[in-house]
Amino acid sequence: INKPRAIEVGAVSIAEHEVAHILFGKMLRRNGDLTVDGIKFIDDFKATLPNKVIAIITKRLVDAGYNMSDPNVQEEYLTHGINQGQQKLLNIFIIS
């Protein structure tokens, strides 16, 4: 866990973020790449996020040097969405 980075970005919990990657990876990926269903899940979740939250997450990703044209980067909207207080929405998507 990169504690200075966690403090810098105000992450609720870096551990939650990293565990989410593991869980989502098993649910959304096959052979390391997002599946069609995984992409749909992410797109549906992103559609529930306020534009302000999407802008915050996008800025963080760009500032951190993520390749925004890489479809696999889209998973970050789920994990960063958790840190932006969207846990309840995410729970609804996972349960449904």
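Small disclaimer: the values here were computed from a predicted structure and weren't measured.

> So what exactly am I meant to see when it comes to the overall build of the protein chain here?
The helix and strand inventory of the protein chain stands at six helices and two strands. Starting at the N terminus and ending at the C terminus, the protein chain contains elements arranged as α-α-β-β-α-α-α-α. Looking at the 96 residues of the protein chain, the share that counts as buried comes to 36%. Taking contacts inside the protein chain between residues at least 6 apart in sequence as the whole, the part at least 24 apart equals 63%.

> Can you help me understand the packing of aromatic side chains in this one?
Given two aromatic rings, their pairing is described by the distance between the two centres and the angle made by the two planes. Going through the model one piece at a time under the given rule, you end up with zero aromatic pairs. Here the guanidinium or amino end of Lys46 rests over the ring plane of Tyr77, the centre of that ring lying 4.0 Å away.

> Please explain unusual backbone geometry as it appears in this structure.
Leaving glycine aside, a negative phi is the common case for residues, and trans is the common case for peptide bonds. In this structure, Asn31 is a non-glycine residue whose phi angle is positive, near 55°. Mapped onto the elements, Asn31 comes out in the loop between strand 1 (29-30) and strand 2 (33-34).

> Even after reading the chapter, I still don't get the side chain of Glu75, so can you show me in this structure?
Structurally, Glu75 can be placed in helix 5 (residues 75-83). For Glu75, a relative accessible area of 3% corresponds to the buried category. A polar contact of 2.6 Å, which involves the side chain of Glu75, links it to the side chain of Arg29.

The rules we used
- Note that residues are indexed from 1 along each chain, following the sequence as it is written.
- For a predicted model such as this one, the threshold for reporting local features is a pLDDT of at least 70, and the threshold for listing and counting side-chain atom pairs is 80 or more; totals across whole chains, interfaces and linings nevertheless cover every residue.
- As a convention, hydrogens and water are excluded, and side-chain values are obtained from all of the structure's heavy atoms.
- To qualify as a helix, a DSSP run of H or I must reach at least 4 residues; to qualify as a strand, a run of E must reach at least 2; elements of each kind are numbered from the N terminus.
- Each residue is placed in one exposure class: buried if its accessible area under a 1.4 Å probe, protein chains only, is under 20% of its type's maximum, exposed if it is over 50%, and partly exposed if it falls in between.
- Should any heavy atoms of two residues lie within 4.5 Å, those residues are considered in contact.
- Any Phe, Tyr or Trp ring, taking Trp's six-membered ring, that has another such ring centre within 6.5 Å forms a pair; planes under 30 degrees apart are called stacked, those over 60 apart edge-to-face, and the others tilted.
- Two conditions define a charge sitting above a ring: the NZ of Lys or the CZ of Arg must be within 6 Å of the ring centre, and it must be within 35 degrees of the ring normal.
- We define a polar contact as two N or O atoms separated by no more than 3.5 Å, with the added condition that, inside protein, one atom must be a possible hydrogen donor and the other a possible acceptor, whereas residues neighbouring each other in sequence contribute only through side-chain atom pairs.

By themselves, these figures tell us nothing about what the structure is for.
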